[in-house]
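Each chain is listed here by its residues.
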Amino acid sequence: MTAATMQVSDFFQQNVLWVVLAIVAPIVAMVSYFRSENGRVVWHRLIISLPVVGKLIHKTSLEVFARVFHALYSGSGENIEVISIASEACRNRYIEKQIKEVVIPAMLREGRSLSDAMELSAVFPRNVIYTLRSGEESGTLREAMLRLANFYEKETTHKMGRVVDVINLVVSVFISILIVGITLISSEVGFVSPNMPGSTPTAPGR
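Thresholds applied
- Residues numbered from 1 in each chain as written.
- Predicted model: local features only at pLDDT ≥ 70, side-chain atom pairs only at ≥ 80, totals over all residues.
- Heavy atoms only, no water.
- Helix = DSSP H or I, 4+ residues; strand = E, 2+ residues; numbered from the N terminus.
- Buried < 20%, exposed > 50% of the residue type's maximum accessible area, 1.4 Å probe, protein only.
- Contact = heavy atoms within 4.5 Å.
- Areas by Shrake-Rupley, 256 points an atom, 1.4 Å probe, with all protein chains shown as cover.
- Core = buried A, V, L, I, M, F, W, Y, C linked by side-chain atoms within 4.5 Å.
- Expected span 1.5 Å × (residues − 1).
- Arc of directions from axis to C-beta.

1. Observations regarding the overall build of the chain
Alright, step 1. Assigned secondary structure in the chain consists of 9 helices and 0 strands.
Alright, step 2. Going through the 206 residues of the chain one by one, you find that 29% of them count as buried.
Alright, step 3. Contacts spanning at least 24 positions in sequence make up 54% of the contacts within the chain whose residues lie at least 6 apart.
Alright, step 4. Surface accessibility of the chain: about 13,700 Å² in total, with carbon and sulfur atoms responsible for 64%.

Shown next as structure tokens:
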């Protein structure tokens, strides 16, 4: 382990410029792309696709959308402007893009209801569609949006605490493994050094 560590150290020292370029260049390219308009849409789509954190971010965006919609909805007509403003407030460019390019055109051009148009966007879960459809049929769409916002707020708050606990556990395990590795390397150095060529054996009792 000590020899391998020294070889890696020598490699980095001899090729430090290339190593830095190999690390920095892709990062700069990715940051530049994700700062563009299309890159932000792709990045936000990737974020909500992550296994655990992505679902939390997705539900948080839907909560914001529902809460803003509830605050602005007048209860008359389709309120296209309200839907557009709520999509911009959800802080996810991919969801915003799907709402503006799929939901709103489907409502205006095809005459679909809000719940049917949202189902086409593929960014709203089935429970959201069913709740909004029930609200449309009963004339309580505004109240349905408030129920969704409150539901997602409670769910994301609860799951966020569990995610934080898991992250703390992973960090603790990583640090423990790192400490064990450093200890093994240090002990190997102490074991090998007295037997290296040119070293003077230590007399017993000294």
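Structure shown, so let's carry the discussion forward.
2. Overview of the nonpolar core
Alright, step 1. If you look at the biggest cluster of nonpolar residues, it comprises 33 residues, and the most contacted ones within it are Phe-65, Phe-69, Ile-83, Leu-114, Met-118, Phe-124 and Met-145.
Alright, step 2. At the level of elements, helix H3 (37-48), helix H4 (53-72), helix H5 (80-89), helix H6 (93-109), helix H7 (114-121), helix H8 (126-138) and helix H9 (141-192) are the ones that each hand at least two residues to this core.
Alright, step 3. A total of 7 residues in this core trace back to one element, the largest contributor, which is H6.

3. Regarding H8
Alright, step 1. Taking 1.5 Å of rise per residue, 13 residues should cover 18 Å, and H8 covers 18 Å from first to last C-alpha, within 8% of that figure.
Alright, step 2. Every buried residue belonging to H8 is among Val-128, Ile-129, Leu-132 and Gly-135, and all of these are buried. Each buried residue of H8 lies within a common arc of 130 degrees when the element is viewed along its axis, so the set occupies one face. Exposed and facing more than 90 degrees away from the buried side of H8 are Arg-126 and Glu-137.
Alright, step 3. Once H8 ends, the next one or two residues include Gly-139, with phi positive near 75 degrees.

4. What about unusual backbone geometry?
Alright, step 1. Even without glycine at this site, Arg-91 takes up a positive phi of about 65 degrees.
Alright, step 2. Turning to its location among the elements, Arg-91 is positioned in the loop between H5 and H6.
Alright, step 3. On the basis of relative accessibility, which here comes to 60%, the residue Arg-91 falls in the exposed class.
Alright, step 4. At Ala-122, a position not held by glycine, the phi torsion is positive, near 65 degrees.
Alright, step 5. Tracing the sequence through the fold places Ala-122 in the loop between H7 and H8.
Alright, step 6. Judged by its relative accessible area of 65%, Ala-122 falls in the exposed class.

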